[in-house]
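Below, each chain spelled out in residue letters.
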Amino acid sequence: MKKLVSAGEILVEIMAERIGQSFLEPGPLVGPFPSGAPAIFIGQAAALGQPAGLIGAVGKDDFGQVNIDRLSALGADVSAIAVHEGHATGTAFVTYRPDASRHFVFNIRNSAAGLLEIDDAAKRLLSGADHVHVMGSSLFSDRATQVALGAIAAVKAKGGTVSFDPNIRREIMQASGMRQALDQVLAQTDVFLPSGNELFLFSSAGDEQGAVADLLGRGISCIVLKKGADGAVYHDRQGTVALPGFAVEEIDPTGAGDCFGAAFVSFWLRGAAPADALRIANACGALAVTRKGPMEGIHRLADVEAFIAKAGAHA
Ligand code: ATP
Ligand code: MG
């Protein structure tokens, strides 16, 4: 089976317990939960049985250990996660506003995560990789962008493929040079996984069809638009496949897009038909939102298939 690699931020997430809670005053928090978009992605891919490894950096502390332990338990290759003494693991503090928007206080660039590099262990991991997935959130510094571009170059040189989820967080987007980095990654992308308005960041077309046609014309193999509870739509040069989302109670949306993407890419790499890859991805995204904590909703393939069968029986 093809091996999937990603590179980027490894964090713990600590969240406000109540909706509408502000960080301008003390309040109850819950966490730490293992997190970081590329970590969630690699954890979900591994849980589905895809060989998958992560290039990242943590501090020599409990927050780092929580992540390494979780990724190992899910079956991911953690050999290229560097552990740095004297630096703390990255963190994300999250509040949920009454309008369902999320607001983050990130400590990434100045944490151990900022020490991301392609060291010997990362080179070994990349030498066995067939595909690299890039999260826009992982382009958080020039150094991190060089790692992503280096990983793409290494995998492409061997005839491998690239997927890209812009995963824009306005708190990170302000990083200088990020805009250019996003465009550089897109130009090398085979599978593009935007959500909501992210599509329009990369095309001047005014509507969805126009933007999709524009991007497919630039050489992207397929575009998968994530639409939250409404499911997802797949586009390639042959046509379009739209599938509705699974009906679940949303407890915590963080991580849905990452789990969705991991499932779609894993099945795309296995040569699955678009509708089949989309169904598994919708199921992983739906399961992700049913638990508090971005990696708590990761399920193994047998459980995902059982969830789909049960939903079908109720439809
Ligand atoms: P993230 O916040 O993790 O970056 P995203 O914006 O990238 O998320 P979403 O569109 O929110 O991605 O979610 C990804 C996928 O997860 C959706 O396409 C859908 O399949 C599933 N999903 C998300 N929310 C729900 C929900 N409330 N009910 C059912 N499925 C959902
Ligand atoms: Mg996302």
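Residues numbered from 1 in each chain as written. Chains lettered and ligands numbered in written order. Predicted model: local features only at pLDDT ≥ 70, side-chain atom pairs only at ≥ 80, totals over all residues. Heavy atoms only, no water.

- Looking at an unreviewed UniProt entry, one finds the protein named Sugar kinase, with Rhizobium loti as its source organism.
- A UniProt comment under Sequence similarities (unreviewed entry) is attached to the protein, and it reads "Belongs to the carbohydrate kinase PfkB family." (UniProt positions renumbered as here; feature names shortened; annotations may be inferred.)

## A look at the overall build of the protein
Here comes step 1: Per the secondary structure count, the protein includes 10 helices and 13 strands.
Here comes step 2: Taken over C-alpha atoms, the radius of gyration comes to 18 Å for the protein, in line with the 20 Å a tight globule of 315 residues would show.
Here comes step 3: A buried classification covers 54% of the 315 residues belonging to the protein.
Here comes step 4: Considering only intrachain contacts with a sequence separation of at least 6, the fraction spanning at least 24 residues in the protein is 72%. (Helix = DSSP H or I, 4+ residues; strand = E, 2+ residues; numbered from the N terminus. Rg over C-alpha atoms; globule rule 2.2 N^0.38 Å. Buried < 20%, exposed > 50% of the residue type's maximum accessible area, 1.4 Å probe, protein only. Contact = heavy atoms within 4.5 Å.)

## Topic: helix 1 (residues 37-47)
Here comes step 1: Burial runs high along helix 1: 11 of the 11 residues are buried.
Here comes step 2: Backbone geometry just downstream of helix 1 places Gly-49 in the positive-phi region, at approximately 95°.

## Quick notes on the environment of Gly-257
Here comes step 1: For Gly-257, the position within the fold is in helix 8 (residues 256-269).
Here comes step 2: Through-space distance from the C-alpha of Gly-257 to that of Ala-283 is 11 Å; in sequence the pair is 26 residues apart.

## Here's the deal with unusual backbone geometry
Here comes step 1: Cis geometry is adopted by the peptide bond preceding Pro-32, which originates at Gly-31 and carries an omega value of 5°.
Here comes step 2: Tracing the backbone through its elements, the reader meets Pro-32 in strand 3 (residues 29-35).
Here comes step 3: In the Ramachandran plot, Ala-100 falls in the positive-phi region, its phi being about 80° despite a non-glycine side chain.
Here comes step 4: Within the secondary structure, Ala-100 is located in the loop between strand 6 (90-96) and strand 7 (102-107).
Here comes step 5: What makes Ala-100 exposed here is its relative accessible area of 59%.

## Some words on the sheet that holds strand 9 (residues 161-165)
Here comes step 1: Spatially, 9 strands are ordered 5-4-1-8-9-10-11-12-13 in an open sheet, and the strand pairing comes out mixed. Every interior strand has two partners, whereas the edge strands, strand 5 (81-84) and strand 13 (239-243), have only one.
Here comes step 2: Looking at chain direction, strand 8 (residues 131-135) and strand 9 are connected through 5 bridges and run parallel. Across the sheet, the residue bridging to His-131 is Thr-161, located in strand 9.
Here comes step 3: Lying over the sheet, helix 8 contacts strand 1 (4-7), strand 8, strand 9, strand 10 (191-192), strand 11 (222-226) and strand 12 (232-236), oriented at roughly 150° with respect to strand 11. (Pairing = 2+ DSSP bridges. Axes fitted to C-alpha atoms, helices over the stretch in contact; angles between N-to-C directions.)

## Remarks on the packing of aromatic side chains
Given two aromatic rings, their pairing is described by the distance between the two centres and the angle made by the two planes.
Here comes step 1: If you walk through the whole model with that rule in mind, you get 7 aromatic pairs.
Here comes step 2: Here Phe-23 and Phe-93 contribute two aromatic rings whose centre-to-centre distance is 6.3 Å and whose plane-to-plane angle is 85°, an arrangement assigned as edge-to-face. Residue Phe-23 is found in the loop between strand 2 (11-16) and strand 3, and its partner Phe-93 is found in strand 6; the two are separated by 70 residues along the sequence.
Here comes step 3: Centroid distance Phe-192 to Phe-202: 5.5 Å. Interplanar angle 85°. Geometry classified as edge-to-face. Of this pair, Phe-192 sits in strand 10 while Phe-202 sits in the loop between strand 10 and helix 7 (208-217), and the two are 10 residues apart along the sequence. The pair formed by Phe-192 and Phe-202 is uniform in burial state, with each residue classed as buried.
Here comes step 4: Put simply, the rings of Phe-164, Phe-192 and Phe-202 pair up and form one aromatic cluster.
Here comes step 5: The ring centre of Phe-202 lies 5.2 Å from the NZ or CZ of Arg-179, which sits over that ring.
Here comes step 6: Sitting over the ring of Phe-267, Arg-270 keeps its end group 4.4 Å from the ring centre. (Phe/Tyr/Trp six-rings, centres within 6.5 Å; stacked < 30°, edge-to-face > 60°. Lys NZ or Arg CZ within 6 Å of the ring centre and 35° of its normal.)

## Some thoughts on helix 9 (residues 274-288)
Here comes step 1: The end-to-end C-alpha separation of helix 9 is 21 Å, in line with the 21 Å expected for 15 residues at 1.5 Å each.
Here comes step 2: For helix 9, a buried count of 11 out of 15 residues is recorded, marking the element as mostly surrounded by other parts of the structure. (Expected span 1.5 Å × (residues − 1).)

## Comments concerning the pairing of strand 13
Here comes step 1: Summarising the sheet, strand 12 and strand 13 pair through 5 bridges and their orientation is antiparallel. When the bridges of strand 13 are listed, Tyr-234 appears paired with Val-241.
Here comes step 2: Here strand 12 hands over to strand 13 after 2 residues, the two strands then running antiparallel side by side.

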